[in-house]
Amino acid sequence: MNAPGQKDKFTPELRILVASLLSFGVIILWARFFGPKPQIPPTQTNRPAQTAPATPGPATSPAANPSQPAAASATIAPAKQVNVAAKNDSQERTIIVENNLYRVEISNRGAVVKSWQLKGYMDDAKPQRVLDVVHPEASQQTGDWPFAVVLDDEQLQNAANGGLYRAWVSEPGPAAETHGHDYSILPANPIKAPSGLDFVWSDGHLEVTKHFQFDHTYVVRVETSAKFNGNPIKAGLGWLGGFGDLTVTNPAPVETVTTYYSEGGKITNFPHKKLDGLDKWGPGLWQGGKDFVGIEDRYFTAAFLPPIVGRGDAVPVPMGALETRYWKASRTVKVNGQDTLEPVPQVAAATQPLALRVYVGPKDYDDLKKMNPPLHGLINFGWLEFIAEPLFHGLKWLHTYIPNWGWAIVVLTLVINMLLFPLRISSYKTTLKMQRVAPEIKTIQEKYKKYSMRDPRKAEMNKEVMAIYSREGINPVGGCFQMFLQMPVWFGLNTALRYAIEMRHATWLWVLDLSAKDPYYILPVLMGVSMYLVSKMTPMTATDPQQQAMMKIMPITMAGIFMISPISSGLAVYILTSSVVGIAQQWYLNRTHPVPAPAKPVRGKKS
């Protein structure tokens, strides 16, 4: 608020500019101080195994869905002794299965996955390696691995996940029954998909079987059964021990990982901060009614899907057929040279009987949309989805004709700027009108500068200014409308580029990853220079030197944001191209619509 007699500098144009700068300031502060940080508060480590089967209590997890009470399995009561033959292998073996999309290593100790490489994707290590979505260090520390069996009794669960399973390749016909009793010699590694793989283990009381069916897609079919003293018991299948690309840096890998479930067509996500430990997720606590469940990072997911009813993926899926558990374990990592506990999100799914389809692969929009049920809702377009999604699809369409994603962004920018050019013309004409009446507006402001903002006579100044705008047919925000219309496009496009797997490691000229910021800062500098040139060529309505200085500072502010924030290089390419087009368009407008001579100030009456 201005003191009495002080000049009011907050013109409508300045207020718009200040609002813009404040918006960018909020983005910087959030990214710098309130965004995800690698420092993780200590979490409770895994519980020790119980010495006896436990009777689970009611669900107490704050993350639990109140509409779906947790299902507690009954205590494993002493059953009639049944003679079950012990089945185990004499040594630990590693079985490798691969197709053109993945290479999977399965250990017969627990029949769990030790490595799941996605052949079409590299990680961010230097030098780059084929991406492995299994976290071996986290799994070693927690003792949990992907595709481990999750039972309602921890003692039985530990035994099932530590036993040496017999393994054999499934064959059609009577041979499958023979293999179940006398496992055959496995074929030489690797086993080429399509192929089935069976595991069986028993200690004479607990018996667990697993059947994997691999094909040419990212989907693996898994069937599991567990019996105790010959009686079936409930079993789930988990993705434990961590998930995703461990080599990302901004933010830390664990900050990008969430567990999720879909219920009634709505996806609910749980980052590690919303997950409880095993002290609250006791044995036997399950939530039913889920369409699909899983774990994901920014670009990849492992999704547990219900089995298909009937034959073929075109058959409708029974919605709400899955049960789920989601919790967090912990492991020790080095942060600034000190041991720190880092959370490890875990998720498990169950059906009765346990038969699942598991998708382990990229979050490719088109591929996920074809899944049954559709999974494309896992791609996060943010709160500006209504802008980001059409831009994303438009960019994908252009990419079918332009093989490089960077040049596709350039062409998309040209198209958008041509569509917005009529608005630029209208904005330019409004700016010329405001520039022509600027001396007259300044005279009015000088007349009322001695009054404070609380003085009722200050309102007369606004009335006189608005009367001039009305007389000249000027919309006060018309000169900035075209620029502010671009801002939602910027935010929406940044989300689309940052979360679309197509942009991951997409190159353009010197840029090696269009989804990440330019490590050489060339794009932000060029962008700031081009924005400054556009502002320099555009007629200014502000007559106050401070306002003019703020207009010149804005390009520098934008360049700084792109240097310190993890904004995608693809967005910088868009803004740079847009600014270069703006220079050409402004040159044309300046040639065809020269700046008119300023109007003579109208001398107002003395107050």
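Now for a look at the structure at hand. (Residues numbered from 1 in each chain as written. Predicted model: local features only at pLDDT ≥ 70, side-chain atom pairs only at ≥ 80, totals over all residues. Heavy atoms only, no water.)

**Let's talk about the overall build of the protein chain**
Turning to step 1, where the next piece is worked out: When helices and strands are tallied, the protein chain shows 14 helices and 20 strands.
Turning to step 2, where the next piece is worked out: Expressed as a percentage of the 607 residues in the protein chain, the buried residues total 51%.
Turning to step 3, where the next piece is worked out: A sequence separation of at least 24 residues applies to 71% of the contacts in the protein chain between residues at least 6 apart.
Turning to step 4, where the next piece is worked out: Accessible surface for the protein chain amounts to roughly 28,600 Å². Of this, 60% is attributable to carbon and sulfur atoms. (Helix = DSSP H or I, 4+ residues; strand = E, 2+ residues; numbered from the N terminus. Buried < 20%, exposed > 50% of the residue type's maximum accessible area, 1.4 Å probe, protein only. Contact = heavy atoms within 4.5 Å. Areas by Shrake-Rupley, 256 points an atom, 1.4 Å probe, with all protein chains shown as cover.)

**Quick notes on the sheet that holds strand S15 (residues 287-290)**
Turning to step 1, where the next piece is worked out: An order of S5-S12-S19-S18-S15 is seen for the five strands of this open sheet, with the pairing classed as antiparallel. Each edge of the sheet is formed by a strand with only one pairing partner; in this case those strands are strand S5 (148-151) and S15. Averaged over all pairs of adjacent strands, the angle between their axes in this sheet comes to 45 degrees, without regard to strand direction.
Turning to step 2, where the next piece is worked out: In the sheet, strand S18 (residues 322-335) pairs with strand S19 (residues 338-350) via 13 bridges, with the strands oriented antiparallel. Looking at S19, one finds that arginine 325 is bridged to alanine 348. (Pairing = 2+ DSSP bridges. Axes fitted to C-alpha atoms, helices over the stretch in contact; angles between N-to-C directions.)

**A closer look at the pairing of strand S9 (residues 206-214)**
Turning to step 1, where the next piece is worked out: Of all nine residues in S9, seven are buried; the element is thus mostly enclosed.
Turning to step 2, where the next piece is worked out: Relative to S9, strand S8 (residues 195-202) is paired through eight bridges, and the arrangement is antiparallel. In the sheet register, serine 202 faces S9, and the bridge partner there is glutamate 207.
Turning to step 3, where the next piece is worked out: One ladder, built from eight bridges, connects S9 with strand S10 (residues 219-228); its direction is antiparallel. Directly across from leucine 206, in S10, lies its bridge partner phenylalanine 228.
Turning to step 4, where the next piece is worked out: Where S9 folds back onto S10 in an antiparallel hairpin, the turn is made up of four residues.

**Examining the pattern of salt bridges**
Turning to step 1, where the next piece is worked out: Evaluated as defined, the whole model comprises 21 salt bridges.
Turning to step 2, where the next piece is worked out: Glutamate 460 serves as the salt-bridge partner of lysine 463, at 3.9 Å between the closest nitrogen and oxygen. Placement of the pair is lysine 463 and glutamate 460 together in helix H10 (residues 457-472), with a separation of three residues, close to one helical turn.
Turning to step 3, where the next piece is worked out: The exposure class assigned to lysine 463 is exposed, which follows from its relative accessible area of 55%. (Salt bridge = Lys/Arg side-chain N within 4 Å of Asp/Glu carboxyl O.)

**Quick look at the packing of aromatic side chains**
Turning to step 1, where the next piece is worked out: The tally for this structure, following the rule as stated, stands at 24 aromatic pairs.
Turning to step 2, where the next piece is worked out: Ring geometry for tryptophan 116 against tryptophan 239: centres 6.2 Å apart, planes inclined by 55 degrees, an arrangement best described as tilted. With tryptophan 116 in strand S3 (residues 112-122) and tryptophan 239 in strand S12 (residues 235-239), the pair connects residues that are 123 residues apart, well separated along the chain. Each member of the pair, tryptophan 116 together with tryptophan 239, is buried.
Turning to step 3, where the next piece is worked out: On the numbers, 5.1 Å between centres and 65 degrees between planes, the contact of tryptophan 397 with tyrosine 401 is edge-to-face. With respect to burial, tryptophan 397 and tyrosine 401 carry one shared label: exposed.
Turning to step 4, where the next piece is worked out: An aromatic cluster is present here, built from Tyr102, Trp116, Phe147, Phe199, Phe212, Phe214, Trp239 and Phe243 joined pairwise through their rings.
Turning to step 5, where the next piece is worked out: When the ring centre of tryptophan 145 is taken as reference, the NZ or CZ atom of lysine 114 above it lies at 4.5 Å.
Turning to step 6, where the next piece is worked out: The side chain of arginine 298 reaches across the aromatic face of tyrosine 499, ending 5.9 Å from its centre. (Phe/Tyr/Trp six-rings, centres within 6.5 Å; stacked < 30°, edge-to-face > 60°. Lys NZ or Arg CZ within 6 Å of the ring centre and 35° of its normal.)

**A closer look at helix H8 (residues 405-436)**
Turning to step 1, where the next piece is worked out: Between its terminal C-alpha atoms H8 stretches 44 Å, which fits the 46 Å expected from 32 residues at 1.5 Å a residue.
Turning to step 2, where the next piece is worked out: A bend of about 45 degrees at leucine 420 is the largest found in H8, and the proline proline 422 appears one to four places after it.
Turning to step 3, where the next piece is worked out: For H8, the capping residue at the N-terminal end is asparagine 404, with a side-chain oxygen 2.8 Å from the backbone nitrogen of glycine 406. (Expected span 1.5 Å × (residues − 1). Bend = angle between axes of the 7 residues up to and from the residue. Polar contact = N/O pair within 3.5 Å; in protein donor to acceptor, adjacent residues only side chain to side chain.)

**Considering the pairing of strand S13 (residues 258-263)**
Turning to step 1, where the next piece is worked out: Here S13 lies mainly inside the structure; six of its six residues are buried.
Turning to step 2, where the next piece is worked out: Of the two faces of S13, the one carrying Thr258, Tyr260 and Ser262 and the one carrying Thr259, Tyr261 and Glu263 are both buried.
Turning to step 3, where the next piece is worked out: By the bridge criterion, six bridges tie S13 to strand S14 (residues 266-271) in an arrangement that is antiparallel. Counted as the bridge partner of tyrosine 261 is threonine 268 from S14.

**A few points about the environment of tyrosine 165**
Turning to step 1, where the next piece is worked out: Mapping tyrosine 165 onto the fold places it in the loop between helix H3 (154-160) and strand S6 (166-169).
Turning to step 2, where the next piece is worked out: Remark: the alpha-carbon pair of tyrosine 165 and arginine 93, spanning 72 residues in sequence, is separated by 9.2 Å.
Turning to step 3, where the next piece is worked out: The contact partners of tyrosine 165, leaving out residues within four places of it in the chain, are Asp89, Asn108, Gly110, Ala111, Ala160, Phe199, Val200, Trp201 and Val208.
Turning to step 4, where the next piece is worked out: In this structure the side chain of tyrosine 165 is engaged in a polar contact, spanning 2.8 Å, whose partner is the backbone oxygen of alanine 160.

**Remarks on the nonpolar core**
Turning to step 1, where the next piece is worked out: Membership of the largest hydrophobic core comes to 125 residues, with the highest contact counts inside it found for Trp116, Leu197 and Trp239.
Turning to step 2, where the next piece is worked out: At seven residues, H8 tops the list of elements feeding residues into this core.
Turning to step 3, where the next piece is worked out: Filtering out sequence-adjacent residues up to four positions away, tryptophan 239 remains in contact with Trp116, Val133, Val134, Pro146, Phe147, Ile295, Ala302, Phe304, Gln346, Val347 and Val360.
Turning to step 4, where the next piece is worked out: In terms of nonpolar packing, the next biggest core, distinct from the first, is built from 11 residues, Met434, Ile444, Tyr469 and Ile474 among them. (Core = buried A, V, L, I, M, F, W, Y, C linked by side-chain atoms within 4.5 Å.)

**So, the sheet that holds S3**
Turning to step 1, where the next piece is worked out: Spatially, the five strands line up as an open sheet ordered S4-S3-S2-S1-S7, and their pairing is mixed. Across the chains shown, the open sheet's two edge strands, defined by having one partner strand only, are strand S4 (130-132) and strand S7 (191-192).
Turning to step 2, where the next piece is worked out: Inspection of the sheet shows S3 paired to S4 by three bridges, in the antiparallel sense. Bridging from a neighbouring strand, leucine 118 pairs with leucine 131 of S4.

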